[in-house]
Amino acid sequence: MNNFISLENLNPELVLELIDDAICYKKKKAYPNLSNHYISNLFFENSTRTKLSFEMAEKKTGMEIIYFDAESSSIKKGETLYDTVKTLNSIGVECFVIRHIQDRFYEDLIHRLHIPIINAGDGCGDHPTQSLLDLVTIQEEFGSFKDLNITIVGDVVHSRVAHSDAKILQRLGAKINFATPEFWRDSRMTMGSYTSLDSVIKETDVVMLLRNQNERHTQTYDESHFLEQYGLTKERANKMKPSAIIMHPAPINRNIEIDEDLIESRQSRIFTQMTNGVFARIAVLNYVFNY
Ligand code: CP
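Residues numbered from 1 in each chain as written. Predicted model: local features only at pLDDT ≥ 70, side-chain atom pairs only at ≥ 80, totals over all residues.

The name given to the chain in an unreviewed UniProt entry is Aspartate carbamoyltransferase, with Apibacter adventoris as the source organism. What the UniProt record of the chain gives under Pathway (unreviewed entry) is the line "Pyrimidine metabolism; UMP biosynthesis via de novo pathway; (S)-dihydroorotate from bicarbonate: step 2/3." (UniProt positions renumbered as here; feature names shortened; annotations may be inferred.)

In structure tokens:
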């Protein structure tokens, strides 16, 4: 059985295979059979999409879900993540989907336990299943990643989506630009170039917006002018190529990262991303148990 903690340790051919698997599940509505496997979703940060689309993927593959609620668990009495995972494994849970506030929370678990861990988001680190669903959405639209111009917009430094997506998209042949306020640039992101959305909007194939991660900011940021300075306004959207698409991992801060009239516009794939999340997560569950 495999862990799924980052796309960085997977070769591009395998990532392309997982994308194809997800698209195939979506088209054929036929899913791998993972019945008789027990899984728990451990979310220590809030989530709507990731948690519930994993649950949908687990139900579509026939898995047995052992429900866990961090608020009512013995974590509140001081039990560690390691002891929680070890305990659930002792009663029969075979695989864990975990979201945690701490970057690289999984290191201790994968070194000390031989139980598959799926990273559902670690702090400002990675969000590999979001990346996979983003890749599925781009592949469906363009059929390839080679030479696509992808502009990642907004709060890059705090975004695990930006980290995961930029690295894998570049490895798959896309060209990455970051359009972000100077104070949200990330020195860890050495690929691509920093620019303004205005200077690249006409050539961009994918406008990949990010959420302003207010819960991770150490200083309060006045967002009242963010949309007109950095976000996707209707004026900027009018300059997009007809074939270009708008993406956002959501949740969305309406009229801050994007004008709300654009959220369900012709070029938006934001809700398609959410649909694809279920099929991408089925591909991940199949990878964990069957590859
Ligand atoms: N995109 C995403 O991870 O959404 P949730 O925080 O709702 O899971």
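Structure shown, so let's carry the discussion forward.
The UniProt record annotates "binding site: L-aspartate" (unreviewed entry) at Lys 77, Arg 160 and Arg 211. These annotated residues cover 135 residues of sequence, and their C-alpha atoms reach 32.5 Å apart at the extreme, placing them across more than a single site. Along the chain, Lys 77 turns up in the loop between strand 2 (64-65) and helix 3 (81-90). Tracing the backbone shows Arg 160 in helix 6 (residues 160-171). Apart from residues no more than four positions distant in its own chain, Arg 160 is found in contact with Gly 121, Asp 122, Gly 123, Cys 124, Gly 125, Asp 126 and His 127. (Helix = DSSP H or I, 4+ residues; strand = E, 2+ residues; numbered from the N terminus. Contact = placed C-beta atoms within 7 Å.)

Turning to the environment of Glu 71, a few remarks are in order. Mapping Glu 71 onto the fold places it in the loop between strand 2 and helix 3. Given 7 C-beta atoms within 10 Å, Glu 71 falls into the exposed group. Once the C-alpha coordinates of Glu 71 and Tyr 230 are considered, the two residues, 159 residues apart in sequence, prove to be 37 Å apart. (Buried ≥ 20, exposed ≤ 12 C-beta atoms within 10 Å, placed from the backbone.)

Moving on, we get to the nonpolar core. General note: in soluble globular proteins, nonpolar side chains tend to be found buried as a group. Judged by nonpolar contacts, the single largest core of 72 residues is most densely connected at Ala 22, Phe 96, Ile 152, Val 153, Leu 209, Ala 283 and Val 284. The element that contributes the greatest number of residues to this core is helix 10 (residues 270-290), accounting for 10 residues. Split by domain, this core shows at least three residues from each of two domains, domain 1 (12-127 + 275-290) and domain 2 (128-273). (Core = buried A, V, L, I, M, F, W, Y, C linked by C-beta atoms within 7 Å. Domains from an automatic or database assignment.)

Quick reminder: α-helices carry 3.6 residues per turn. Residues three or four places apart thus point the same way. Buried residues of helix 3: Thr 84, Val 85 and Leu 88, and no others. Around the axis of helix 3, the buried residues are gathered within 95° of arc, so they sit on the same side. Along helix 3, exposed side chains directed more than 90 degrees from the buried face belong to Asp 83 and Ser 90. Elements in contact with the buried residues of helix 3: strand 1 (38-43), strand 3 (95-100) and helix 4 (106-112). Of the residues trailing helix 3, Gly 92 is marked for its positive phi of about 120°. (Arc of directions from axis to C-beta.)

Attention shifts here to the UniProt feature "binding site: carbamoyl phosphate" (unreviewed entry) in the chain. The UniProt record marks Arg 49, Thr 50, Arg 99, His 127, Gln 130, Ala 250 and Pro 251 with the feature "binding site: carbamoyl phosphate" (unreviewed entry), using the residue numbering of this structure. As for its placement among the helices and strands, Arg 49 is situated in helix 2 (residues 49-60). Apart from residues lying up to four places away in sequence, Arg 49 is in contact with Ala 250, Met 274 and Gly 277. In this structure, His 127 sits in the loop between strand 4 (117-122) and helix 5 (128-142).

Quick look at the environment of Gln 102 now. Residue position: Gln 102 is located in the loop between strand 3 and helix 4. Spatially, the C-alpha atoms of Gln 102 and Gly 125 are 8.4 Å apart, while their sequence positions differ by 23 residues. When residues no more than four places from it in sequence are discounted, the contact partners of Gln 102 are Asp 122 and Gly 123.

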